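# Coordinate inspection notes
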Amino acid sequence: MKLYCLSGHPTLPCNVLKFKSTTIMLDCGLDMTSALNFLPLPLVHSPRLAKLPGWVSKDGNTFLEKELKECAGRVFVDSLPEFCLPERELLDLSTIDVILISNYHCMMALPYITEHTGFTGTVYATEPTLQIGRLLMEELVNFIERVPKAQSATCWKNKEIQRLLPAPLKDTVEVSTWKSCYTMQEVNSALSKVQLVGYSQKIELFGAVQITPLSSGYSLGSSNWIIQSHYEKVSYVSGSSLLTTHPQPMDQSSLKNSDVLILTGLTQIPTANPDGMLGEFCSNLAMTVRTGGNVLVPCYSSGVIYDLLECLYQFIDSASLTTIPFYFISPVANSSLEFSQIFAEWLCHNKQSKVYLPEPPFPHAELIQTNKLKHYPSVHGDFSNDFKQPCVVFTGHPSLRFGDVVHFMELWGKSSINTIIFTEPDFSYLEALAPYQPLAMKCVYCPIDTRLNFIQVSKLLKEVQPLHVVCPEQYVRPPPAQSHRSDLMLDCQPPTMPYRRCSVLSLPFRRRYERIELLPELADSLVPSEIKPGISVATVTAVLHTKDNKHVLRPTLKLAPAPPPSKKRKRVLEEPPEHRAPKPLLSGAVPIEQFLATLQKHGITEVKVEDTPDGHILHLQDEDTLIQLEEDSTHIICDNNEILRATLRDLVLRFLQKF
Amino acid sequence: GAGQDVGRSCILVSIGGKNVMLDCGMHMGYNDDRRFPDFSYITQNSRLTEFLDCVIISHFHLDHCGALPYMSEMVGFDGPIYMTHPTKAICPILLEDYRKITVDKKGETNFFTSQMIKDCMKKVVAVNLHQTVQVDDELEIKAYYAGHVLGAAMFQIRVGLESVVYTGDYNMTPDRHLGAAWIDKCRPDVLISESTYATTIRDSKRCRERDFLKKVHETVERGGKVLIPVFALGRAQELCILLETFWDRMNLKAPIYFSTGLTEKANHYYKLFITWTNQKIRKTFVQRNMFEFKHIKAFDRSYADNPGPMVVFATPGMLHAGQSLHIFKKWAGNEKNMVIMPGYCVQGTVGHKILSGQKKLEMEGRQTLEVKMQVEYMSFSAHADAKGIMQLIRMAEPRSVLLVHGEAKKMEFLKQKIEQEFSINCFMPANGETATTVTNPSVPVDIALSLLKREAALGPLPDPKKPRTMHGTLIVKDNPSEEVSAAPATDRVNQGTPASLSDEELGGYLCTLLRKGLPQSTG
């Protein structure tokens with residue numbers, strides 16, 4: 001069994017598992033941090049961005065002036081943003097049988113894989129994962145396609161040139177694999193390959209492997225996966241949460257007894273407590289609006305935003321913010337809010353019981369009804385008429401490189417009464433802000449990452465006790481910025497097997513057994529004999545049928561109770577299957593005293609008995625013959641006396657049970 | 001219940017030593033003891049908890065869940081009750097409604113109380129489609145989409161290698177708001193199927209719909225009023241969508257009303273459980289939620305006397321009480337008006353009487369009511385017809401079929417057809433009867449991989465025409481008195497050759513024994 005690791009990003013994994021002749025891709029994450037090296041895409045022409053000076057190398061060379069721009073001492077690529085794809089050279093991706101998706105953030109690279117590698121398999125995901133994943137992809141495509149750029153920069157990617165660039169561009173790796181965004185057509189085609197599954201549904205793959213999604217508690221429809229055969233079990237844990245937010249709680253007990261547990265998607269901000277951050281978020285928000293400032297919250301259009309809105313729903317009355325408008329701007333804002341209300345089965349217990357009343361599970365329905373929360377597809381159109389300040393705006397993309405957020409950065413960035421509050425943990429906020437420097441706006445960093453932290457993980461691992469743990473290498477050492485924090489790493493027994501991008505791990509287990517079925521007629525014909533209390537043995541002679549990776553033993557034709565249809569029978573008679581009775585198996589011990597007595601009866605008297613650690617050696621002196629009686633073998637050594645050997649053999653056989 | 005009968009569905013299945021109750025319904029046609037299933041078949045006096053491992057409810061119709069609080073609270077059952085999320089949401093509302101009519105209106109005592117309904121619902125475990133629920137170590141159940149009403153499900157019950165599928169009520173043709181039932185080729189030992197329309201093959205749905213719309217349209221055009229008695233959930237939504245789109249297309253102005261109360265709430269459930277409806281509605285719900293009606297407004301009692309045409313959906317569906325009967329009385333005398341009965345009516349109800357052609361009805365207080373309005377019957381029940389039932393059997397490939405929830409004569413016909421076409425056994429037990437199916441499960445054993453691989457490696461692909469004979473040794477551990485064939489699914493059976501077992505502790509021992517016996521000679 002082998003694991004091919006195609007992504008180095010610990011929370012956006014992409015691994016391929018080869019197990020029992022199936023090839024399974026686990027998640028399909030797209031590393032979008034590469035976009036941080038690009039200039040923002042403004043919705044409305046931005047004179048500031050347009051006037052940024054081109055980059056000139058130290059020796060005064062200006063050939064990259066058009067491609068690279070400088071802002072506040074940093075160099076950015078002036079082109080449509082590109083993303084870092086999973087490795088495609090490590091193995092032939094067209095051999096992949098299935099792709100298992102654990103949550104909607106981990107499927108963003110799907111169109112690249114399913115549309116451009118010759119993939120012919122099936123993608124498995126839960127319904128919320130599919131629907132919200134589709135929204136996120138749609139949003140991404142929309143963000144990028146609505147601001148077309150005439151030129152795309154490619155020269156800087158040349159290895160020779162890249163070497164000369166200033167950091168961080170110089171140090172970015174895998175630049176050659178970076179690709180620009182896919183189209184909506186590719187998204188639709190990729191998502192048409194998705195097969196919907198429900199939690200705890202058992203899905204057979206080619207009869208060889210069974211896969212089961214389990215609730216992981218992180219987001220709507222997020223799942224961990226069990227991949228198992230009758231004798232081996234692999235758990236894939238990705239993006240799990242033990243906090244009670246809106247999704248169904250995590251199913252931990254089903255992860256028990258795993259041979260291998262692949263662990264990805266732990267919290268990216270292990271030092272921040274999500275509850276504390278939520279409190280900080282609210283107080284900062286209130287402070288800014290009270291002083292007449294605007295609040296900008298760059299966020300994904302699904303996920304934590306539901307929790308933020310719920311938190312604000314309770315908060316705005318007590319903080320007397322009822323007159324402040326809340327805007328949610330995204331091409332999929334409406335869909336996201338609507339979809340969140342119809343996935344009752346995937347929600348936590350509290351929200352489920354609301355639906356039984358029947359009431360919408362999320363309170364943002366009420367915020368919309370009372371006009372406190374308004375949603376718009378973009379800053380154009382209705383929004384510009386309704387727009388009132390001060391206000392709170394939720395909009396994407398959290399990288400601050402594209403989407404409506406770029407517009408608000410340009411609009412509000414110069415005033416210190418405004419605040420931007422970062423809640424998504426996927427992008428470093430300092431890097432996100434770099435192309436907007438110098439910036440007067442206040443910045444508050446309240447990353448909310450509900451995924452498992454290291455304390456929770458070690459508790460989980462102790463509970464489910466996997467034989468082996470596989471995880472990204474980032475988890476086996478403290479974060480580089482906090483190298484003294486040995487508590488911020490995985491420490492478990494047995495030691496973990498770390499992986500990095502392009503690793504190929506051989507997972508340490510040996511398959512020893514396979515399940516086979518005996519047809520009832522065959523089972524009836526067997527006569528087990530007891531050879532030791534509690535253990536019976538029977539020899540089986542049968543015909544092996546293998547179909548769809550299922551093995552069935554049928555009686556041989558002689559034993560078959562019902563004669564097969566005449567036509568078939570003829571053929572069978574014509575070419576009878578090779579059939580020979582097996583040698584009977586023998587068991588039992590040869591009692592040495594009685595054996596000697598028997599030998600005597602047959603006229604063999606001169607026997608010298610020698611005890612050995614394993615049994616006895618009998619020396620038949622007259623016949624010059626040795627009989628070695630050992631625990632697991634009997635040897636009769638005589639010189640070319642076949643008659644004597646046969647006699648002795650028969651004597652030994654008398655003491656043994658045949659079956 | 002439900003043996004050669006429609007009503008009080010309640011089937012007990014014993015499988016692999018487990019007992020599962022499928023549905024627990026009431027009978028619409030009776031008001032005495034016969035309205036509930038006869039639990040004395042299971043036990044005379046004691047509680048059911050020790051006899052039943054679990055109860056499964058297929059959908060929220062009262063003939064499938066109406067006796068649930070009686071069973072769990074009054075007879076006594078504390079085990080798990082499984083149903084889907086929409087069923088769990090809607091079921092208590094219908095039960096409460098049923099209780100109100102029986103106790104508050106008819107003044108019956110000795111009936112379950114509101115508290116009992118609540119307590120009963122606490123025992124309910126909600127399941128998702130296709131989720132495999134492990135009831136205990138051996139018993140597992142799985143739900144499939146059945147289409148009949150919102151949240152209706154078919155259930156597969158599996159113990160070891162034996163399995164039963166219970167369809168509940170299902171519909172094999174997608175309609176305007178629900179999808180079609182679907183099941184995989186799970187090859188159950190027994191398929192328990194409803195057979196309401198065992199002999200009917202219905203004409204195309206389009207025709208029926210066109211017919212319905214034409215009649216409504218004509219009546220409205222000539223200034224008449226249309227009364228459509230419905231049950232709050234199910235067909236009501238289907239017909240609402242039908243009328244709504246028709247009104248939209250034809251740009252009609254006549255008001256459509258929906259009697260308030262349950263139905264408004266019901267539409268809300270449909271909105272929240274949109275994932276259980278059909279593809280089209282799910283796809284478009286963000287732009288336009290099909291259950292937010294533009295033309296259909298809430299009804300007020302006073303509207304019944306308004307002049308001019310109108311269409312009113314009113315509950316209950318069989319005109320036996322409540323608002324629908326109230327409106328019917330008001331409108332019955334005018335031949336311009338029309339009443340359309342979209343579903344089955346039980347004997348004794350006003351609905352049944354007018355459908356059988358009675359023109360003079362005796363009402364309470366010795367009044368007679370002359371029915372001049374037009375009476376139409378149109379079947380919109382979402383049950384599978386004979387074709388649908390055969391289609392499901394083809395899908396699931398069961399080893400035998402058991403028919404319930406239908407009339408005996410019709411079942412007989414379908415039984416013959418099934419036996420002919422599929423050459424499998426078909427049962428149709430009456431209430432209280434037991435049908436037994438003998439299963440013949442294979443015995444799963446473990447085989448050493450090396451042995452299997454050696455066998456498999458002999459040829460490139462296994463050829464079914466040239467079977468290969470293999471030899472091995474079967475080792476039975478733990479329980480020597482147990483015949484291998486006696487119990488299904490024991491993990492105690494172990495298969496292997498001496499060589500492949502040699503490094504295991506027990507294997508080593510056996511190997512020792514075995515080799516000891518093999519006489520070998522040199523020289």
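Residues numbered from 1 in each chain as written. Chains lettered and ligands numbered in written order. Predicted model: local features only at pLDDT ≥ 70, side-chain atom pairs only at ≥ 80, totals over all residues. Heavy atoms only, no water.

Chain B is annotated in an unreviewed UniProt entry as Cleavage and polyadenylation-specific factor 3-like protein from Polyodon spathula. Database annotation for chain B, UniProt heading Sequence similarities (unreviewed entry): "Belongs to the metallo-beta-lactamase superfamily. RNA-metabolizing metallo-beta-lactamase-like family. INTS11 subfamily." (UniProt positions renumbered as here; feature names shortened; annotations may be inferred.)

Tallying secondary structure elements over chain B gives 15 helices and 24 strands in all. The 523 residues of chain B split such that 56% are buried. Restricting to contacts in chain B with at least 6 residues of sequence separation, those with at least 24 account for 71%. Carbon and sulfur atoms form 49% of the exposed surface of chain B, whose accessible area is close to 22,100 Å². (Helix = DSSP H or I, 4+ residues; strand = E, 2+ residues; numbered from the N terminus. Buried < 20%, exposed > 50% of the residue type's maximum accessible area, 1.4 Å probe, protein only. Contact = heavy atoms within 4.5 Å. Areas by Shrake-Rupley, 256 points an atom, 1.4 Å probe, with all protein chains shown as cover.)

Next up on the list: the pattern of salt bridges. Across all of its chains, the model carries 36 salt bridges over all chains by this definition. Asp404 of chain A is the salt-bridge partner of Arg146 of chain A, the closest N and O atoms lying 3.0 Å from each other. With a gap of 258 residues between them, Arg146 of chain A in the loop between helix 3 (127-145) and helix 4 (159-162) and Asp404 of chain A in the loop between strand 19 (392-395) and helix 12 (405-412) connect regions that are remote in the sequence. Relative accessible area serves as the criterion here: at 26%, Arg146 of chain A is assigned to the partly exposed category. Accessibility expressed as a relative area gives 0% for Asp404 of chain A, which makes it buried. Within the structure, one salt-bridge network assembled from shared partners comprises Arg47, Glu73, Asp78 and Lys123 of chain B. (Salt bridge = Lys/Arg side-chain N within 4 Å of Asp/Glu carboxyl O.)

Think of an α-helix as turning once every 3.6 residues; residues three or four places apart then point the same way. For helix 5 (residues 184-191) of chain A, the set of buried residues is Glu186, Val187, Ala190 and Leu191 of chain A. Each buried residue of helix 5 of chain A sits inside an arc of 125 degrees when the element is viewed along its axis, so together they form one side. (Arc of directions from axis to C-beta.)

Below, the discussion takes up the nonpolar core. Within the largest apolar cluster, 221 residues are counted, with the highest numbers of intra-cluster contacts made by Phe394 of chain A together with Phe212 of chain B. When sequence neighbours within four positions are dropped, the list of residues in contact with Phe212 of chain B reads Ile228, Leu239, Leu242, Leu243, Ile340, Met378 and Phe380 of chain B. In terms of nonpolar packing, the next biggest core, distinct from the first, is built from 27 residues, Val209, Trp225, Ile262 and Val470 of chain A among them. (Core = buried A, V, L, I, M, F, W, Y, C linked by side-chain atoms within 4.5 Å.)

Residue and element names in this part refer to chain B. At a minimum axis separation of 9 Å, helix 2 (residues 68-76) and helix 4 (residues 114-122) run at an interaxial angle of 90 degrees. Of the possible angle classes, the one that applies to helix 2 and helix 4 is roughly perpendicular. Facing helix 2, whose interface residues are Leu68, Pro69, Ser72, Glu73 and Met74, helix 4 presents Met116, Ile117, Asp119 and Cys120. Of the residues contributing to the contact of helix 2 with helix 4, the split by class is six nonpolar, one polar and two charged. (Axes fitted to C-alpha atoms, helices over the stretch in contact; angles between N-to-C directions. Parallel < 35°, antiparallel > 145°, perpendicular 65-115°, else oblique. Nonpolar A, V, L, I, M, F, W, Y, C, P; charged D, E, K, R; others polar.)

Throughout the structure, instances matching the rule amount to 37 aromatic pairs over all chains. Centre to centre, the rings of Phe38 of chain A and Trp156 of chain A are 6.4 Å apart; their planes meet at 80 degrees, and the pair counts as edge-to-face. One end of the pair, Phe38 of chain A, is in the loop between strand 3 (22-26) and helix 1 (47-50); the other, Trp156 of chain A, is in the loop between helix 3 and helix 4, with 118 residues separating them in the sequence. Across the pair, exposure class does not vary: Phe38 of chain A and Trp156 of chain A are buried alike. Ring centres of Phe422 of chain A and Tyr429 of chain A lie 5.7 Å apart, and the angle between their planes is 50 degrees; on these two criteria the pair is classed as tilted. By relative accessible area, Tyr429 of chain A is classed as partly exposed at 25%. The ring of Phe36 of chain B carries Arg35 of chain B above its face, with NZ or CZ at 5.4 Å from the centroid. The lysine or arginine in question, Lys225 of chain B, covers the ring of Trp331 of chain B, its NZ or CZ lying 6.0 Å from the ring centre. (Phe/Tyr/Trp six-rings, centres within 6.5 Å; stacked < 30°, edge-to-face > 60°. Lys NZ or Arg CZ within 6 Å of the ring centre and 35° of its normal.)

All names here are of chain A. Averaged over every residue, the pLDDT of chain A is 86; the share at 70 or more is 94%. Averaged pLDDT values over the elements of chain A bottom out at 39 in helix 16 (residues 566-574) and peak at 97 in strand 7 (residues 98-100). Within the model, the stretch residues 559-580 combines pLDDT values under 50 with 17 contacts to residues more than four positions away or in other chains. (pLDDT = per-residue confidence, 0-100.)

The subject of this paragraph is the state of the cysteines. The final tally for this structure, using the stated rule, is zero disulfides over all chains. Left without a disulfide partner, Cys311 of chain A is nearest to the cysteine sulfur of Cys282 of chain A, which lies 3.3 Å away. Since its relative accessible area comes to 16%, Cys311 of chain A is described here as buried. Free cysteine: Cys426 of chain B, not disulfide-bonded; nearest cysteine sulfur from Cys186 of chain B at 17 Å. (Disulfide = S-S within 2.5 Å.)

Moving on, we come to helix 17 (residues 592-601) of chain A. Residue and element names in this part refer to chain A. Those residues of helix 17 that fall on the buried side of the exposure criterion are Ile592, Phe595, Thr598 and Leu599. The buried side chains of helix 17 occupy one side of the element, clustering within an arc of 120 degrees when seen end-on. Exposed side of helix 17, more than 90 degrees from the buried face: Glu593 and Lys601 are the residues found there. Contacts from the buried residues of helix 17 go to strand 30 (607-612), strand 31 (615-620), strand 32 (625-630) and helix 18 (642-654). Once helix 17 ends, the next one or two residues include Gly603, with phi positive near 80 degrees.

Here we come to the sheet that holds strand 13 (residues 296-299) of chain B. All names here are of chain B. Ordered by their spatial adjacency, six strands build an open sheet running 13-12-14-11-15-18, and the pairing between neighbours is parallel. Two strands close off the open sheet at either side, each with one partner strand: strand 13 and strand 18 (374-377). Taken over all neighbouring pairs, the strand axes of this sheet differ in orientation by 25 degrees on average, direction set aside. This element, helix 5 (residues 205-221), spans strand 11 (225-229), strand 14 (310-314), strand 15 (338-341) and strand 18 of the sheet and lies at about 140 degrees to strand 11. The strands that helix 9 (residues 322-331) touches are strand 11, strand 12 (256-259), strand 13, strand 14 and strand 15; relative to strand 11, the one it contacts most, it runs at about 150 degrees. (Pairing = 2+ DSSP bridges.)

With that settled, the discussion passes to unusual backbone geometry. Most of the time, phi is negative for any residue but glycine, and the peptide bond is trans. All names here are of chain A. The omega angle of the peptide bond from Leu357 to Pro358 is -5 degrees, so this bond is cis rather than trans. With respect to the helices, strands and loops of the structure, Pro358 is situated in the loop between helix 9 (349-355) and helix 10 (364-369). Here Gln389 and Pro390 are connected by a cis peptide whose omega angle stands at -5 degrees. One can find Pro390 in the loop between helix 11 (382-386) and strand 19. Non-glycine residue Lys20 carries a positive phi angle of around 50 degrees. With respect to the helices and strands, the residue Lys20 is situated in the loop between strand 2 (15-19) and strand 3. Taking relative accessible area as the criterion, Lys20 reaches 15% and is therefore assigned buried. Notably, Asn371 is not glycine yet its phi reads approximately 70 degrees, a positive angle. By the secondary structure assignment, Asn371 is in the loop between helix 10 and strand 18 (373-376).

Residue and element names in this part refer to chain B. Following both chains from N to C, one finds helix 5 and helix 6 (residues 235-250) inclined at 60 degrees, their axes separated by 11 Å at the closest point. The handedness of the crossing between helix 5 and helix 6 is right-handed. Residues Lys205, Glu209, Phe212, Leu213, Val216, His217 and Val220 of helix 5 lie in contact with helix 6, whose contacting residues are Glu238, Leu239, Leu242, Leu243, Phe246, Trp247 and Met250. For the contact of helix 5 with helix 6, the per-class residue count stands at 10 nonpolar, one polar and three charged. (Left-handed = near helix turned anticlockwise from the far one by under 90°.)

What follows deals with the environment of Pro229 of chain B. All names here are of chain B. Assignment of secondary structure puts Pro229 in strand 11. On the basis of relative accessibility, which here comes to 1%, the residue Pro229 falls in the buried class. Taking the C-alpha atoms as reference points, Pro229 and Met341, 112 residues apart in sequence, are found 6.2 Å from one another. Setting aside its immediate chain neighbours within four residues, Pro229 contacts Ala314, Pro316, Gly317, Leu319, Ser324, Val339, Ile340, Met341 and Pro342.

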